[in-house]
Amino acid sequence: MEIYSQIQKKKANGKKQFAVLIDPDKLDDKQVREVAELALKARVDFFFIGGSLLINDSLDTCITTLKKETAIPVVLFPGNNMQLSYRADGILFLSLISGRNPEMLIGRHVIAAPYLRLSSLEVISTGYMLIESGRPTTVSYMSSSVPIPADKVDIACCTAMAGEMLGLKLIYMDAGSGALNPISDKMIQSVRSSISIPLIIGGGIRTPQLAETNCKAGADIIVVGNAIEKDASLITEIGAAIHSC
Ligand code: 1GP
């Protein structure tokens, strides 16, 4: 329970958290080491590892490098049940509660469960909510699911509430990697006030300013991937903005 209790403890103390998302296909070993070094200095709280579609076999190598370079917890953020690795510390066990695709709600989980039971990974059940972001994203296509419309705040709130009532430990609202439009502060505020479990926000966050307003709106954990792939030095600025909230 180490990772989840760290999330809860920081939330209770009003401390905002920063997760750097690494898609192992997008960074070579040298770039992963560079990200690790910057992440250490910026006091990044977690690495999330995964992608909606991984093409190369670099998941294990990427985790091994991160574990060698830092003690920052590595958490799997799997796009499917092939993206599992004993080398990570934990896994966001994602149920796509915004969609109605049974495979993403429970089917893949049944396949992954025996592997996870044998592993020492910390399994963190997470209600994953995809929010419409202006154009189709890889995750919306790959998950065969319809995202929640960006202006339908009530649907987002009720979905998050249902996830909490089902016993999920986290809600992750995602506009999708490289989203054109990130999630609105209005939606973040409303969902935050509808649930008491920690709230993760990601998708299209490219600036320290947006990370900060999202935190002030109620995000407990901010996830940034795409922008960091393009400019790793953003880790420093975004980290400072999040941790100063
Ligand atoms: C995607 O929430 C994550 O699932 C992060 O999104 O890559 O756009 O930062 P970005």
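Everything below is about the structure printed above this text.
Every value quoted in this text rests on a predicted model; they were computed, and no experiment measured them.

J.: What exactly am I supposed to notice about the pairing of strand β1 (residues 17-22) here?
T.: Looking along a regular strand, one sees side chains alternate from face to face of the sheet. Judged by how many residues are buried, β1 sits mostly within the fold: 6 of 6 residues are covered. Here β1 shows two buried faces, one formed by Q17, A19 and L21 and the other by F18, V20 and I22. As judged from the 4 bridges shared by β1 and strand β8 (residues 221-224), these two strands associate in the parallel manner. Directly across from V20, in β8, lies its bridge partner V224. The pairing of β1 with strand β2 (residues 46-49) spans 4 bridges and is parallel. If you follow I22 over to β2, its bridge partner there is I49. Once you follow β1 into helix α2 (residues 29-41) and on to β2, the crossover reads as right-handed.

J.: Just checking my understanding: could you explain the pattern of salt bridges for this structure?
T.: Should their charged atoms come close, side chains of opposite charge can pair. Following the criterion strictly, the structure yields 9 salt bridges and no others. Among the salt bridges present, the one from D23 reaches K26, with a minimum N-O distance of 3.3 Å. Of the residues examined, K26 reaches a relative accessible area of 48% and is grouped as partly exposed. Salt-bridge contacts for K216 lead to E212; the nearest nitrogen and oxygen are separated by 2.8 Å. Here E212 and K216 lie together in helix α8 (residues 208-217), a separation of 4 residues that amounts to about one turn. By relative accessible area, which is 27% here, E212 ends up partly exposed.

J.: For this particular structure, what's the right way to read the site of the ligand?
T.: As a structural note, the neighbourhood of the ligand is formed by 13 residues, with D174, S177, G178, G225 and N226 the closest of them. At 2.5 Å from an oxygen atom of the ligand is found a side-chain nitrogen or oxygen belonging to S177. Interatomic distance of 3.2 Å between a backbone N/O atom of G203 and an oxygen atom of the ligand. Within the complex, the protein chains bury 97% of what would otherwise be the 310 Å² of accessible surface of the ligand. When grouped by side-chain class, the residues that make up the shell around the ligand number 4 nonpolar, 8 polar and 1 charged.

J.: Just to check I follow, could you spell out a nonpolar patch on the surface for this structure?
T.: On the surface, L53, I55, Y141 and M142 cluster together into a nonpolar patch covering about 470 Å² of accessible area. Inspection of the secondary structure puts M142 in helix α5 (residues 138-142). Its relative accessible area of 34% is what places M142 among the partly exposed residues.

J.: Please clarify how the nonpolar core should be interpreted in this entry.
T.: Soluble globular proteins tend to bury their nonpolar side chains together. If you look at the biggest cluster of nonpolar residues, it comprises 83 residues, and the most contacted ones within it are F47, F48 and M173. Leave out the neighbours within four places in its chain, and F47 touches V20, I22, V35, A36, A39, L66, T70, I72, P73, V74 and V75.

J.: What should I look at first to understand the pairing of β8 in this one?
T.: Judged by which residues are buried, β8 turns out to be covered on both faces: I221 and V223 on one side and I222 and V224 on the other are all buried. In this view, the connection linking strand β7 (residues 199-202) to its parallel neighbour β8 by way of α8 has right-handed handedness.

J.: So what exactly am I meant to see when it comes to helix α4 (residues 102-118) here?
T.: The α-helix advances 3.6 residues per turn, and as a result positions three or four apart in sequence lie on the same side. Taking 1.5 Å as the rise per residue, α4 with 17 residues should run 24 Å; its terminal C-alpha atoms sit 25 Å apart, in good agreement. At A112, α4 is bent by approximately 45°, the largest bend along its length, and proline P114 sits one to four residues beyond. Within the span of α4, buried status applies to M104, G107, H109, A112 and L116. Of the surrounding secondary structure, the elements contacted by the buried residues of α4 are β4 (90-96) and β5 (122-130). N-capping of α4 is provided by N101, with a side-chain oxygen placed 3.0 Å from the backbone N of E103.

J.: Explain unusual backbone geometry to me, please; I cannot follow it from the model alone.
T.: In most cases, non-glycine residues show a negative phi, while peptide bonds are predominantly trans. A positive phi angle, near 55°, is found at R43, a position not held by glycine. With respect to the secondary-structure elements, R43 resides in the loop between α2 and β2. Even without being a glycine, S144 presents a positive backbone phi close to 45°. As for its placement among the helices and strands, S144 is situated in the loop between α5 and α6 (153-165).

J.: In this structure, what is going on with the side chain of S98? I would like to understand it.
T.: You can see S98 is positioned in the loop between β4 and α4. S98 sits in the buried class, given a relative accessible area of 9%. Reaching out from S98, the side chain makes a polar contact with the backbone nitrogen of L130 at a distance of 2.9 Å. Leave out the neighbours within four places in its chain, and S98 touches Y128, M129, L130, V146, I148 and T159.

What counts, and where the lines are drawn
- Residues numbered from 1 in each chain as written.
- Predicted model: local features only at pLDDT ≥ 70, side-chain atom pairs only at ≥ 80, totals over all residues.
- Heavy atoms only, no water.
- Buried < 20%, exposed > 50% of the residue type's maximum accessible area, 1.4 Å probe, protein only.
- Helix = DSSP H or I, 4+ residues; strand = E, 2+ residues; numbered from the N terminus.
- Pairing = 2+ DSSP bridges.
- Right-handed = clockwise from strand over helix to strand, strands pointing away.
- Salt bridge = Lys/Arg side-chain N within 4 Å of Asp/Glu carboxyl O.
- Near = heavy atom within 4 Å.
- Polar contact = N/O pair within 3.5 Å; in protein donor to acceptor, adjacent residues only side chain to side chain.
- Areas by Shrake-Rupley, 256 points an atom, 1.4 Å probe, with all protein chains shown as cover.
- Nonpolar A, V, L, I, M, F, W, Y, C, P; charged D, E, K, R; others polar.
- Patch = residues over 30% accessible without salt bridge, like charges linked within 9 Å, V, L, I, M, F, W, Y side chains within 5 Å.
- Core = buried A, V, L, I, M, F, W, Y, C linked by side-chain atoms within 4.5 Å.
- Contact = heavy atoms within 4.5 Å.
- Expected span 1.5 Å × (residues − 1).
- Bend = angle between axes of the 7 residues up to and from the residue.

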